[in-house]
Amino acid sequence: MKFNRLRLIGFKSFVEASDFIIAPGLTGVVGPNGCGKSNLVEALRWVMGENSYKNMRASGMDDVIFSGSGNRPARNAAEVGLHIDNSDRTAPAAFNDSDEIQVTRRIMREQGSQYRINGKEARAKDVQLLFADASTGARSPSMVGQGRIGELIQAKPQARRQLLEEAAGISGLYSRRHEAELR
Ligand code: ATP
Ligand code: MG
């Protein structure tokens, strides 16, 4: 799964709409302390379905909304958009009718957040499955956060197995089976 573009509006320190074109190959993000490098990575995790505000270094999910600084007032909404390259048409059937898939997540203060896939309202589950099938996603081993390596080394066998299953791309299948069993 290749990402083409990440778009942030009012997310954490990115108060103005900010577009990041992700070129093929390796992308590095450099800048002084506090300029928003980690916020960028968190935006990526958030749009892929992260639902723990603690993993966003926040004390509530509304904390991802720009909270004001200097003479700029706080915002009441934040949005992150991720454009995914689907020119090889490997997306799940439900979204596989275009060369690019656009996933957006928008949060309004005190109203929770909402996802869209290609402009159509989607459940968090749909978004999580879209990424799980491609062996990526908010909690996947393809997103290695600070301290995660040490965590993996010290993990109990059960937790380590879960990580390996995510890496092997079968955790999406488990979620689907679980959903099917509930029906
Ligand atoms: P370092 O190099 O130290 O890791 P960094 O580039 O990763 O720094 P971040 O942690 O991404 O920096 O950004 C921190 C900045 O984001 C802080 O200045 C903080 O005030 C700002 N910030 C975080 N959440 C919000 C918010 N909701 N509204 C406004 N600013 C925010
Ligand atoms: Mg950082």
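Fair warning: this is a prediction, and the values are worked out from it, not measured in the lab. (Residues numbered from 1 in each chain as written. Chains lettered and ligands numbered in written order. Predicted model: local features only at pLDDT ≥ 70, side-chain atom pairs only at ≥ 80, totals over all residues.)

1. Some words on the overall build of the chain
So, step 1. On a plain count of helices and strands, the chain comes out with 5 helices and 6 strands.
So, step 2. Written out in order from the N terminus, the α and β elements of the chain read β-β-α-β-β-β-β-α-α-α-α.
So, step 3. Seen along its three principal axes, the alpha-carbon backbone of the chain occupies a region of about 50 × 45 × 35 Å.
So, step 4. For the chain, buried positions account for 26% of its 183 residues.
So, step 5. Considering only residue pairs separated by 6 or more positions, the chain has 52% of its internal contacts joining residues 24 or more positions apart. (Helix = DSSP H or I, 4+ residues; strand = E, 2+ residues; numbered from the N terminus. Buried ≥ 20, exposed ≤ 12 C-beta atoms within 10 Å, placed from the backbone. Contact = placed C-beta atoms within 7 Å.)

2. Describing the nonpolar core
So, step 1. Membership of the largest hydrophobic core comes to 30 residues, with the highest contact counts inside it found for A43, V47, V64, V80, V103 and V127.
So, step 2. Looking at this core, the elements with two or more residues in it are β1 (2-9), α1 (37-47), β3 (77-85), β4 (100-108) and α2 (124-132).
So, step 3. Among residues more than four places away in sequence, those in contact with V80 are R7, L8, F11, A43, W46, V47, T104 and R105. (Core = buried A, V, L, I, M, F, W, Y, C linked by C-beta atoms within 7 Å.)

3. What about the UniProt feature "binding site: ATP" (unreviewed entry) in the chain?
So, step 1. Sequence positions flagged by UniProt for "binding site: ATP" (unreviewed entry) are, in local numbering, P32, N33, G34, C35, G36, K37, S38 and N39.
So, step 2. Among the secondary structure elements, N33 is positioned in the loop between β2 (18-21) and α1.
So, step 3. According to the C-beta neighbour criterion, N33 is exposed, with 5 such atoms within 10 Å.
So, step 4. Relative to the helices and strands, S38 resides in helix α1. (UniProt positions renumbered as here; feature names shortened; annotations may be inferred.)

4. Here's the deal with the sheet that holds β4
So, step 1. Here we have 6 strands laid out as an open sheet, ordered β2-β1-β3-β4-β5-β6, and antiparallel in their pairing. Because the sheet does not close on itself, it has two edges, and the strands there are β2 and β6 (120-122). Along the sheet, successive strands turn relative to each other by an average axial angle of 20 degrees, direction set aside.
So, step 2. Of the strands in this sheet, β4, β5 (112-117) and β6 are in contact with α2, which crosses β5 at around 55 degrees. (Pairing = 2+ DSSP bridges. Axes fitted to C-alpha atoms, helices over the stretch in contact; angles between N-to-C directions.)

5. A closer look at the site of ligand 1
So, step 1. The environment of ligand 1 is formed by 15 residues, the closest being S13, N33, K37, S38 and N39.
So, step 2. Class assignment of the residues belonging to the shell around ligand 1 gives a composition of 3 nonpolar, 9 polar and 3 charged. (Near = placed C-beta within 6 Å. Nonpolar A, V, L, I, M, F, W, Y, C, P; charged D, E, K, R; others polar.)

6. Brief notes about unusual backbone geometry
So, step 1. If you check the backbone angles, K12 has positive phi at about 45 degrees while not being a glycine.
So, step 2. Judged by the 23 C-beta atoms lying within 10 Å of it, K12 is buried.
So, step 3. With a phi close to 50 degrees, R89 is a non-glycine residue in the positive phi region.
So, step 4. Mapped onto the elements, R89 comes out in the loop between β3 and β4.

7. Considerations on α2
So, step 1. Every buried residue of α2 is listed here: V127, Q128, L129, L130, F131 and A132.
So, step 2. Of the surrounding secondary structure, the elements contacted by the buried residues of α2 are β4, β5, β6 and α5 (171-182).

8. Considering the pairing of β1
So, step 1. Judged from the 7 bridges that link them, β1 and β3 form a sheet pairing that is antiparallel. Each bridged residue has a counterpart across the sheet, and for L6 the counterpart in β3 is L82.
So, step 2. Here β1 pairs with β2 via 4 bridges, running antiparallel. Bridged to R7 within β2 is D19.

9. Regarding the environment of A43
So, step 1. Positionally, A43 belongs in helix α1.
So, step 2. Take A43: there are 28 C-beta atoms within 10 Å of it, and that puts it in the buried class.
So, step 3. Residues A43 and G25, 18 residues apart in the sequence, show an inter-C-alpha distance of 20 Å.
So, step 4. Every residue in contact with A43, bar those within four places of it in the chain, is listed here: L6, L8, F11 and V80.

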